[in-house]
Amino acid sequence: MGVRDSLWVVVAVSWLCLQAQVLHSQEGLVCNSSDSKALLDLMSNLESPIPIDGWGLNESANCCDWLGVVCNSSSSLGLSNGPSSSGIVVELVLASKKLAGNLLDSIGKLDQLRFLNLFHNLLVSTLPKSLLHLPNLQVLDLSYNEFSGPVPESANLPSSLQNLSLVTNSLTGEISEDIFTLGQLVQLSLQENSLSGPLGSGISNLMELVQLDISTNRFLGSIPDVFQKMKKLQHFIAQSNGFMGPIPSSSSNLPSLTFLNLRSNSLTGRIGLNCSALSSLVSLDLGTNNFSSPVPEDLPNCQQLQNVNLARNKFTTPIPQSFRNFSSLFYLSITNSSLSNLSSALGILQHCKNLTVLVLTWNYLDEELPSDASLSFPKLKVLIIAYGRLRGSMPQWVRGCTRLRLLDLSWNCLGGTIPAWIGDFQSLFLSGLIEQLVCGQDPKRDYQIA
């Protein structure tokens, strides 16, 4: 399960658990005329090739019976106007219905709406201001549509909002400062848009935030060093932007942080993490930046850390001896990072008892591929040490990697033949190996040995 979906699972499970109660409670409810008109106005401007049960002038006049609509009684909502059997729309879920068109301001008339999910449709134009004024809204998901333009200024977003997802649209401009006033916000997902400008320091006001994903946008400047207030933050994902400067120290001192992804920016300086504080960190991705520093020795002290990507930086030291104690390490990629001393690196990393994926491509130029038969990687499934012009031959220690599924030693200067014991592997994919490995020869063929 991906990082981006984890919190939505919690929301979905909670929502499903409520449905039995909701369906029972809305038996006998008759949709109030104001909500019914708002929904019909909304759909009058939208088209869908998929029939939506119950909707339309020729269908049931009771909108509480329409697909995707959930009503509560006015009395259960504490509303005194209208009979107790009056149904008030509190949820609207029309995800993946191929709805096309733009949202009208009439949606803002559903003033008791708590949950709005229009995920994965073909909705266009700008976000209507009325949508962002719904006073009781808790969950808003407009992901995977074609909305464009800025998030409206002075949106006066509802303070009750807990989950805001605008993923994969074409939104532009800076993050509205109004978003930083949402003190109950748990998840903010803005990835895969064209948002730009700096990330404002007001982000620190979101003290209930658990997941922050602003990846694949056009943000610039430094990441503000204001995370010390965000004591519940677990996922911070800001990959594929234009952020510069160092990693903010406050983000490196959060015990709650589980996933930190700052890949593909222009971050500089040393990689300084306080692993004694990062007690929950599981995944660290700092690849494709401009760090110039020693390989961080402190990483093994992040006792839950399993996945590490440090690729495409410039490291000034080899893999440190401290990695011998990196018992939690599962995945390590440090490609194209000016590393040297492969023999030492493998001697150290063999002590990482859970290491399963090791990628060291574009390093160790012109070194000897170690042949020490005592090297042992019992759990290794993927080994990639390509594009290094390494000398030597297929090492005997690879034979002991009995779980190996992918071996890539392409674009090296290895000699000899592929040893017969390679056939002992039950299912091994050899990438870029030919029977006689010649320095400088383009590996044109891949072989499957099963």
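The following refers to the structure shown. (Residues numbered from 1 in each chain as written. Predicted model: local features only at pLDDT ≥ 70, side-chain atom pairs only at ≥ 80, totals over all residues. Heavy atoms only, no water.)

1. Section: the pairing of strand 7 (residues 122–125)
Next up, step 1: In terms of strand pairing, strand 5 (residues 100–102) meets strand 7 through three bridges, oriented parallel. Bridge pairing in strand 7 links Gly 101 to Leu 123.
Next up, step 2: When strand 7 meets strand 9 (residues 146–150), the two strands line up parallel, connected through two bridges. Its bridge partner being in strand 9, Ser 125 is matched across the sheet by Phe 147. (Pairing = 2+ DSSP bridges. Helix = DSSP H or I, 4+ residues; strand = E, 2+ residues; numbered from the N terminus.)

2. Considering the state of the cysteines
Next up, step 1: Under the definition given, this model contains three disulfides.
Next up, step 2: Bridging Cys 31 to Cys 63, the disulfide has an S-S length of 1.7 Å. Residues Cys 31 and Cys 63 share a disulfide whose torsion about the S-S bond is about 65°; that sign makes it right-handed. Placement of the pair is Cys 31 in strand 1 (residues 30–31) and Cys 63 in the loop between strand 2 (46–47) and strand 3 (69–73), with a sequence separation of 32 residues. (Disulfide = S-S within 2.5 Å.)

3. Points about a positive patch on the surface
Next up, step 1: There is a patch of like positive charges on the surface, built from Lys 353, Lys 379, Lys 381, Arg 403 and Arg 405.
Next up, step 2: Within the fold, Lys 379 resides in the loop between strand 25 (357–359) and strand 26 (382–384).
Next up, step 3: Since its relative accessible area comes to 31%, Lys 379 is described here as partly exposed. (Patch = residues over 30% accessible without salt bridge, like charges linked within 9 Å, V, L, I, M, F, W, Y side chains within 5 Å. Areas by Shrake-Rupley, 256 points an atom, 1.4 Å probe, with all protein chains shown as cover. Salt bridge = Lys/Arg side-chain N within 4 Å of Asp/Glu carboxyl O. Lys, Arg positive; Asp, Glu negative; His and termini not counted. Charge placed at Lys NZ, Arg CZ, Asp CG, Glu CD. Buried < 20%, exposed > 50% of the residue type's maximum accessible area, 1.4 Å probe, protein only.)

4. A few points about the side chain of His 235
Next up, step 1: Following the sequence through the fold, His 235 ends up in strand 16 (residues 235–237).
Next up, step 2: In this structure the side chain of His 235 is engaged in a polar contact, spanning 3.1 Å, whose partner is the side chain of Gln 211. (Polar contact = N/O pair within 3.5 Å; in protein donor to acceptor, adjacent residues only side chain to side chain.)

5. As for the packing of aromatic side chains
Next up, step 1: In this structure the tally under the stated criterion is seven aromatic pairs.
Next up, step 2: Where Phe 323 meets Phe 326, the ring centres are 5.3 Å apart and the plane angle is 90°; that geometry is what we call edge-to-face.
Next up, step 3: Among the residues examined, Phe 326 registers a relative accessible area of 0% and is labelled buried.
Next up, step 4: Feature note: the residues Trp 362, Tyr 387 and Trp 411 constitute an aromatic cluster, connected by ring pairs. (Phe/Tyr/Trp six-rings, centres within 6.5 Å; stacked < 30°, edge-to-face > 60°.)

6. A few points about the nonpolar core
Next up, step 1: Judged by nonpolar contacts, the single largest core of 120 residues is most densely connected at Leu 188, Phe 236 and Leu 299.
Next up, step 2: Breaking this core down by element, the ones donating at least two residues are helix 2 (33–44), strand 3, strand 4 (86–93), helix 3 (342–349) and strand 30 (428–431).
Next up, step 3: For this core, the element with the most residues is helix 3, which contributes five residues.
Next up, step 4: Once residues lying within four places of it in the same chain are set aside, the contact partners of Leu 299 are Leu 273, Cys 275, Leu 284, Leu 305, Val 308, Leu 310, Phe 323 and Phe 326.
Next up, step 5: Membership of the second largest hydrophobic core comes to five residues, among which are Val 357, Val 359, Ile 384 and Ala 386. (Core = buried A, V, L, I, M, F, W, Y, C linked by side-chain atoms within 4.5 Å. Contact = heavy atoms within 4.5 Å.)

7. With respect to the environment of Arg 405
Next up, step 1: Within the secondary structure layout, Arg 405 lies in the loop between strand 27 (391–392) and strand 28 (406–408).
Next up, step 2: When near neighbours in sequence (up to four residues on either side) are disregarded, Arg 405 contacts Lys 381, Ser 427, Leu 428 and Phe 429.
Next up, step 3: Within the structure, the side chain of Arg 405 is placed 3.2 Å from the backbone oxygen of Arg 403, a separation counted as a polar contact.

8. Things to note about the environment of Cys 71
Next up, step 1: For Cys 71, the location among the structural elements is in strand 3.
Next up, step 2: The class for Cys 71 is buried, based on a relative accessible area of 0%.
Next up, step 3: Spatially, the C-alpha atoms of Cys 71 and Gln 112 are 9.6 Å apart, while their sequence positions differ by 41 residues.

9. A few points about the pattern of salt bridges
If the charged atoms of two oppositely charged side chains come close together, the side chains can form a pair.
Next up, step 1: A complete count under the given rule lists six salt bridges for this structure.
Next up, step 2: With a shortest N-O distance of 2.6 Å, Lys 232 and Glu 208 are connected by a salt bridge. Within this pair, whereas Lys 232 is found in the loop between strand 15 (218–222) and strand 16, its partner Glu 208 is found in the loop between strand 13 (194–197) and strand 14 (211–213), the two being separated by 24 residues in sequence.
Next up, step 3: The exposure class of Lys 232 is partly exposed, given its relative accessible area of 41%.
Next up, step 4: On the basis of relative accessibility, which here comes to 27%, the residue Glu 208 falls in the partly exposed class.
Next up, step 5: Between Asp 285 and Arg 263 there is a salt bridge whose closest N-O contact spans 2.5 Å. Here Asp 285 is found in strand 20 (residues 283–285), whereas its partner Arg 263 is found in the loop between strand 18 (259–261) and strand 19 (266–269), with 22 residues between them in sequence.
Next up, step 6: Judged by relative accessible area, Arg 263 falls into the partly exposed class, the value being 24%.

10. Some remarks on helix 3
Next up, step 1: Here helix 3 lies mainly inside the structure; six of its eight residues are buried.
Next up, step 2: On its buried face, helix 3 sits against strand 24 (331–333) and strand 25.

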